[in-house]
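A structural walkthrough
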Amino acid sequence: MPCPSSCPPGLLALMAPGLALMATFSLSSQAGDRRALPVEKPPGVKGRTLILLDVNTKSPVRIISENFLSLQLDPSIIHDGWLDFLSSRRLVTLARGLAPAFLRFAGKRTDFLQFHNVKNPAKSRGGPGPDYYLKNYEDARSLDKLYNFADCSGLHLIFALNALRRNPNNSWNSSNALSLLKYSASKKYNISWELGNEPNNYRTLIGRSVNGSQLGKDYVQLRSLLQLIRTYSRANLYGPNIGRPRKNAISLLEGFMKVAGSTVDAVTWQHYYIDGRVAKVTDFLKTRLLDTLSDQIRKIQKVVNTYTPGKKIWLEGVGATSSGGMNNLSDSYAAGFLWLNTLGLLASRGIDVVVRHSFLDHGHNHLVDHNFNPLPDYWLSLLYKRLIGPKVLAIHVAGLQRKPLPGRVIRDKLRIYAHCTSYHNHNYVRGSITLYIINLHRSRKKIKLAGTLRDKIVHQYLLQPYGKDGLHSKSVQLNGQPLAMVDDGTLPELKPRPLRAGRTLVIPPLTMSFYVVKNVNALACRYR
């Protein structure tokens, strides 16, 4: 099936690879030492407003996947079996901008999808009835559309199979999955696979649970099935995609890892920060909320490393809010603080891939709305892809801050991350470094580059809300210029603002920004 005319071969190589690692910032050494670095205050500069920043350029502290920032499409976008809109030239252009990446096709309706090998489902069944939610269909024509969209966009498709087709003994009934596998193999589709979505919630969905041990056996069964099909004998398999790691989810994960830890290529889970029904714009500015993910990472890593040390871990399905999000909140500029911090925190902790839920029109957590217009988190993701490489660097910062009061924690409202600049960005020579900074303060902050970064030319990419809606805005400006597609086949040029060598970086309040430090010749960044 041909791609839309906006899909020239080889454009994939122009896009940045997956994200790199976070170096969180607490006005102290990032590499585990919480003591403030001994520095002298520069003459004439107030220590309370100046931060000295240096980066360890000798070696990366983490190296993550080239596909670090990846995407998810929710099966709820299927309308009576059709996915024809995925042929949109505009949509392919937007998706290609975020390549290379994985495209995960999964969500709540995953475990109610049934595959029918027919080209015209309208002739083989009637229209949707009142029980449509429980009787979704994925027909051959729609699978073709889905795969062609991913392939044309430079994305690798991950397809989650229905895990709730069960035999009387509660084992997985693989008959429908086998039909889908045989069809996709006949088309030579390059697909990776999963089984189910949030299995810890099955009792809520259907009043019937599947424990971790049984789910592990189901994955072993699926792996055996894949090995019988030549096209998929070496296909990747990911799971179990549990929900937030509370007690029941952790118990399920432990049972799963005992049986199938060595069967999957990466262990996956999901995370949503807040209840979308009660979210307020101020929620996105709370550092305590930004830090909730850290504890979840620790819990998941503890279980995984107990059973399969070194196994890759993915956060598969992440968004600002649950319940589909809220209009003018989880799809606004304010939600970007959570998104950018999520990318940084996950990379710094060695999480290999993060899958954003959702790329398109699912509630209000998406990157692109139902009219195929890019939202603030899309532009933030595009900048990340263009500027950030997979090698994460440690930062060292020093400055003065007020002493904490007894019993009170001063959380970090200024967060700084450092990475090697993307090798795919030909505007910068290898050895350059990219910083990205979140300023949650309601005042501007000043950063002076020191050490290996001193007196280097810097390119600024400052992302701010555009228009009168402020943090609620669904439009953004880059260095003062509003961002919008040039036409359905063309993304805008992301123009930096050059800063003279040695200039202090001034970070406006409540903003996100990227700074490429040119020609550092960082040893860690010279080679891929």
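Figured I'd write up the structure that's included with this text.

1. Some details on the side chain of S358
Along the chain, the position of S358 falls in the loop between β12 (353-357) and α11 (376-387). Setting aside residues up to four positions removed in sequence, S358 forms contacts with Q72, L73, D74, N365, H366 and L367.

2. Notes on the nonpolar core
Ranked by size, the top nonpolar core spans 127 residues in total, and within it L73, W193, Y232, W269, F359, Y378 and F514 carry the most contacts. If we skip the residues at most four places from it in the chain, Y232 touches L181, S184, A185, Y189, I191, W193, L226 and Q227. Listed in part, the 26 residues of the second largest apolar core include I433, L449, V458 and A522.

3. Some remarks on the state of the cysteines
Applying the stated rule across the entire model yields one disulfide. Each sulfur of the disulfide joining C420 and C525 lies 2.0 Å from the other. Disulfide C420-C525: torsion about the S-S bond near -80°, hence left-handed. A residue pair is termed long-range when its members are at least 10 positions apart, and C420 in strand β15 (residues 414-421) and C525 in the segment after β23 (511-517) qualify at 105 residues. What makes C420 buried here is its relative accessible area of 1%.

4. A word on the pairing of strand β10 (residues 266-274)
Burial runs high along β10: nine of the nine residues are buried. Sheet analysis places strand β9 (residues 237-242) next to β10, joined by four bridges and oriented parallel. Residue G239 lies in a different strand from β10, and its bridge partner there is V267. Regarding the hand of the β-α-β motif, the stretch spanning β9, helix α7 (residues 247-260) and β10 is right-handed.

5. A look at the environment of H424
Following the sequence through the fold, H424 ends up in the loop between β15 and β16 (433-439). Taking C-alpha positions, H424 is 8.6 Å from L387, a pair spaced 37 residues apart along the chain.

6. Thoughts on the environment of L86
Locating L86 in the fold gives a position in the loop between β3 (69-73) and α1 (89-96). According to the relative accessible area criterion, L86 is buried, its value standing at 2%. Considered as a pair, L86 and N148 are 62 residues apart in the sequence and their alpha carbons are 8.6 Å apart. Excluding anything up to four places from it in sequence, L86 contacts L73, L91, V92, K145, L146 and F149.

About the criteria used
- All residue numbers here refer to positions counted from 1 along the written sequence of the relevant chain.
- For a predicted model such as this one, the threshold for reporting local features is a pLDDT of at least 70, and the threshold for listing and counting side-chain atom pairs is 80 or more; totals across whole chains, interfaces and linings nevertheless cover every residue.
- The basis for the side-chain values is all heavy atoms of the structure; hydrogens and waters are excluded.
- Secondary structure elements are defined from DSSP: runs of H or I of at least 4 residues count as helices, runs of E of at least 2 residues count as strands, and each element is numbered from the N terminus.
- The criterion used for residue contact is that any of the two residues' heavy atoms lie within 4.5 Å.
- Among the buried residues, those of types Ala, Val, Leu, Ile, Met, Phe, Trp, Tyr and Cys that are joined through side-chain atoms within 4.5 Å form a nonpolar core.
- Partly exposed residues are those whose accessible area sits between 20% and 50% of the maximum for their type, while under 20% is buried and over 50% is exposed, using a 1.4 Å probe and protein chains only.
- The term disulfide is used for any two cysteine sulfur atoms that are within 2.5 Å.
- Strand pairing requires that DSSP identify at least two bridges connecting the strands.
- Handedness is read with the strands pointing away from the viewer; a crossover is right-handed when the path from the first strand over the helix to the second is clockwise.

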